[in-house]
Amino acid sequence: MERIMIIMGTRPEAIKLCPLVLELKKRKKYDVLVCSTGQHRSMLDSVLRVFSIKPDFDLDVMRTGQTLSSVSARILKGLDEIFTAEHPDLVIVQGDTTTAFAGALAAFHKRIPIAHVEAGLRTYHIDSPYPEEFHRQVIGLVTKWHFAPTEAAQDNLLREGKKKKSIFVTGNTVVDALRFTLGNDFNRPSWNLPTDYRLILFTAHRRESMGTQMTGMFKALRKLVDEFPDVIAVCPLHHNPQVRSAAEVIKGHERIRIIEPPDILSFHQLLSRTYLVITDSGGIQEEAVALGIPTIVTRYSTERGEGIKAGVLRLAGCSENGIFNLGKELLTPNSKVYKKMKTPTSVYGNGDASVRIADILEKVM
């Protein structure tokens, strides 16, 4: 029996890896171990509860005021001890977080093969997104099997000299997660949102946008809500104190609701009811594209170019005026641009990425 260790530490990783954990646990060939680093404690745990997954190991690395270096060091040390004791035959990491980076590096140090889920995403701007672009490029250097979500991601890996036989286009497991959360009869909370208003879902958290740029993003949101009386906004607010400081400019507005980050069931329910998304999140870009929800990306570049080509995503940059002007264009009644963008697409797969990955591993391991 092959022993596979799947490492996750943040909410996005858990959303995208839990469907794969469940699929691999169905296969008799594998002994599947789950290691949580606890990089984002509460937000990670809420996703695990939805999928009824209990980690076999928990590094519990989260500390108040933690830095990228301190988190990386604690993960490396903890995983080194776990790998020494458990001897996994394969380590699976996802995406581009500090957990994924440190997990891949720890496995490389122990000469354990690495499989990278959501491989090949690139902006080729090392500071955008920061530090994620660095993380995913480095993970690619030590990965044995690259599970690319799209043909474009595969092309990036091929241009970098990765061997074609090591790359597999699988779709993105985030669509698997959407099918799980929206396709099952879970108890879902009522948001008590008026149905005769158009809903904007707004999120912001990128490190490279902290400070005046992020304050400008929130100001743009307030201006949009002021401009259109039939619009309300919901803002799940990231725990980072700098994000919460920037959000002071929207507090007190009667049509802007600030909430704590909801569990994934609640979030996907909220997303499915949204008229317009404004976000700097990579995962939300993918989810919005799968649901066909027009989305303003508050970044100057995105590694999710497929969503841009499909017409569902539009880059606005980080400036207050740029976000406001694009938002106004899309929110204007009977906007032709909005109607053209509102198109569900399968560019990120059909919800079978976890099955594809498991099938591939059965052939190559």
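Residues numbered from 1 in each chain as written. Predicted model: local features only at pLDDT ≥ 70, side-chain atom pairs only at ≥ 80, totals over all residues. Heavy atoms only, no water.

Details of the side chain of H253
And then number 1: Summarising the element assignment, H253 is placed in the loop between α9 (241-246) and β10 (256-259).
And then number 2: Taking relative accessible area as the criterion, H253 reaches 11% and is therefore assigned buried.
And then number 3: Within polar-contact distance, the side chain of H253 engages the backbone nitrogen of R255 at 3.0 Å.
And then number 4: When near neighbours in sequence (up to four residues on either side) are disregarded, H253 contacts R222, V225 and D226. (Helix = DSSP H or I, 4+ residues; strand = E, 2+ residues; numbered from the N terminus. Buried < 20%, exposed > 50% of the residue type's maximum accessible area, 1.4 Å probe, protein only. Polar contact = N/O pair within 3.5 Å; in protein donor to acceptor, adjacent residues only side chain to side chain. Contact = heavy atoms within 4.5 Å.)

Examining the nonpolar core
And then number 1: Within the largest apolar cluster, 53 residues are counted, with the highest numbers of intra-cluster contacts made by I4, I6, M8, L24, I92, F147 and L361.
And then number 2: Looking at which element gives the most residues to this core, the answer is helix α1 (residues 11-26), with 7 residues.
And then number 3: What L361 contacts, discounting residues up to four positions off in sequence, is I4, L24, K29, Y30, L90, I92, W145 and F147.
And then number 4: Core analysis: the next-biggest nonpolar cluster, separate from the first, contains 33 residues, I200, V243, I296 and A316 among them. (Core = buried A, V, L, I, M, F, W, Y, C linked by side-chain atoms within 4.5 Å.)

Topic: the packing of helix α4 (residues 98-109) against helix α5 (residues 132-142)
And then number 1: Interaxial distance between α4 and α5 falls to 9 Å at its minimum, and their mutual angle equals 25°. Regarding the angle of α4 to α5, the classification is roughly parallel. Crossing hand, α4 versus α5: left-handed. Together, T98, A100, F101, A104 and F108 of α4 and F134, H135, V138, I139 and V142 of α5 make up the contact between the two elements.
And then number 2: Residues belonging to the contact of α4 with α5 are distributed by class as follows: 8 nonpolar, 2 polar and no charged. (Axes fitted to C-alpha atoms, helices over the stretch in contact; angles between N-to-C directions. Parallel < 35°, antiparallel > 145°, perpendicular 65-115°, else oblique. Left-handed = near helix turned anticlockwise from the far one by under 90°. Nonpolar A, V, L, I, M, F, W, Y, C, P; charged D, E, K, R; others polar.)

The analysis is restricted to geometry; functional conclusions fall outside its scope.
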